[in-house]
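# Summary of the model geometry
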Amino acid sequence: MDDLYEARLFYERQGEGLGDYFFDSIFSDIDSLAIYGGIHAKFYGYYRMLSKRFPYAAYYSVQEREIILVHRVLDLRQNPKKIRIALQ
């Protein structure tokens with residue numbers, strides 16, 4: 001959750017209310033996994049769902065009984081090596 005908290009603070013500094021909009025948008029995307037979980041391409045061993053409004057991705061797995069487990073929500077503007085390390 002530190003990833004999301006830091007991102008929310010970053011966007012809030014860009015404009016008042018933008019941090020809340022970011023948070024709401026990301027959680028809306030994550031909520032869509034109840035319907036679309038498991039259809040995304042895999043990266044680094046996890047499914048990766050791209051955010052519709054921000055340069056972020058949710059990395060998740062599908063557990064038994066169709067339970068979606070979100071492991072990380074990461075900024076895609078960073079070095080891919082850093083993303084890989086964050087997912088290990």
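Here we summarise the structure given alongside this text. Owing to the predicted nature of the structure, the values given are computational and were not obtained by experimental measurement.

The rules behind these values
Residues numbered from 1 in each chain as written. Predicted model: local features only at pLDDT ≥ 70, side-chain atom pairs only at ≥ 80, totals over all residues. Heavy atoms only, no water. Helix = DSSP H or I, 4+ residues; strand = E, 2+ residues; numbered from the N terminus. Buried < 20%, exposed > 50% of the residue type's maximum accessible area, 1.4 Å probe, protein only. Phe/Tyr/Trp six-rings, centres within 6.5 Å; stacked < 30°, edge-to-face > 60°. Lys NZ or Arg CZ within 6 Å of the ring centre and 35° of its normal. 1 Å grid on protein atoms, 1.4 Å probe; cavity = no way out; pocket = protein on both sides within 12 Å on 5 of 7 lines; lining within 4 Å. Points joined across faces, edges and corners; volume = space filled by probe spheres on them. Nonpolar A, V, L, I, M, F, W, Y, C, P; charged D, E, K, R; others polar. Core = buried A, V, L, I, M, F, W, Y, C linked by side-chain atoms within 4.5 Å. Contact = heavy atoms within 4.5 Å. Expected span 1.5 Å × (residues − 1). Arc of directions from axis to C-beta.

## Things to note about unusual backbone geometry
Although it is not a glycine, Tyr44 adopts a positive phi angle of roughly 55 degrees. For Tyr44, the position within the fold is in the loop between β1 (42-43) and β2 (46-50). A positive phi angle, close to 60 degrees, is found at Arg65, a residue other than glycine. Within the secondary structure, Arg65 is located in the loop between β3 (56-63) and β4 (67-75). For Arg65, a relative accessible area of 81% puts it in the exposed group.

## Describing the packing of aromatic side chains
Enumeration over the complete set of coordinates arrives at nine aromatic pairs. Site record: aromatic cluster; members linked through ring pairs are Phe10, Tyr11, Tyr21, Phe22, Phe54 and Tyr56. Over the ring of Phe23 we find Arg8, and its NZ or CZ is 4.2 Å from the ring centre. The ring of Tyr47 carries the charged tip of Lys42 above its face, separated from the ring centre by 4.8 Å.

## Quick word on empty space enclosed by the protein
Gaps left between atoms are located by rolling a probe of water-molecule size over the structure's atoms. Counted according to the given criterion, the structure contains one cavity of 30 Å³ or more. In this structure, the largest cavity occupies an estimated 40 Å³ of space. For the largest cavity, the full set of lining residues is Ile26, Asp29, Ile30, Met49, Ser51, Tyr56, Ala57, Ala58 and Val73. Contributing elements (two or more residues each) for the lining of the largest cavity: α2 (18-31) and β3. Considered class by class, the residues forming the lining of the largest cavity number seven nonpolar, one polar and one charged.

## A short note on the nonpolar core
Looking at soluble globular proteins, one finds that nonpolar side chains tend to be buried together. Grouped together as the largest cluster of nonpolar side chains are 14 residues, with contacts concentrated most on Phe22, Ile26, Tyr56 and Val73. For this core, the secondary-structure elements that each account for two or more residues are α1 (2-14), α2, β2 and β3. Each residue touching Val73, except ones within four places of it in the same chain, is listed here: Asp3, Leu4, Ile26, Ile30, Tyr56, Ala57 and Ala58. Core analysis: the next-biggest nonpolar cluster, separate from the first, contains six residues, Tyr46, Tyr59, Leu74 and Ile83 among them.

## Here we look at α2
Since the α-helix turns once every 3.6 residues, residues separated by three or four places project in the same direction. End to end, α2 covers 20 Å across 14 residues, agreeing with the expected 20 Å (1.5 Å per residue, within 8%). All of the buried residues in α2 are Gly19, Phe22, Ser25, Ile26, Asp29 and Ile30. Burial along α2 is one-sided: seen end-on, the buried residues are contained in an arc of 135 degrees. Exposed positions of α2 whose direction lies more than 90 degrees from the buried face are Asp24 and Asp31. Looking at the buried positions of α2, the neighbouring elements they touch are α1, α3 (33-36), β2, β3 and β4.

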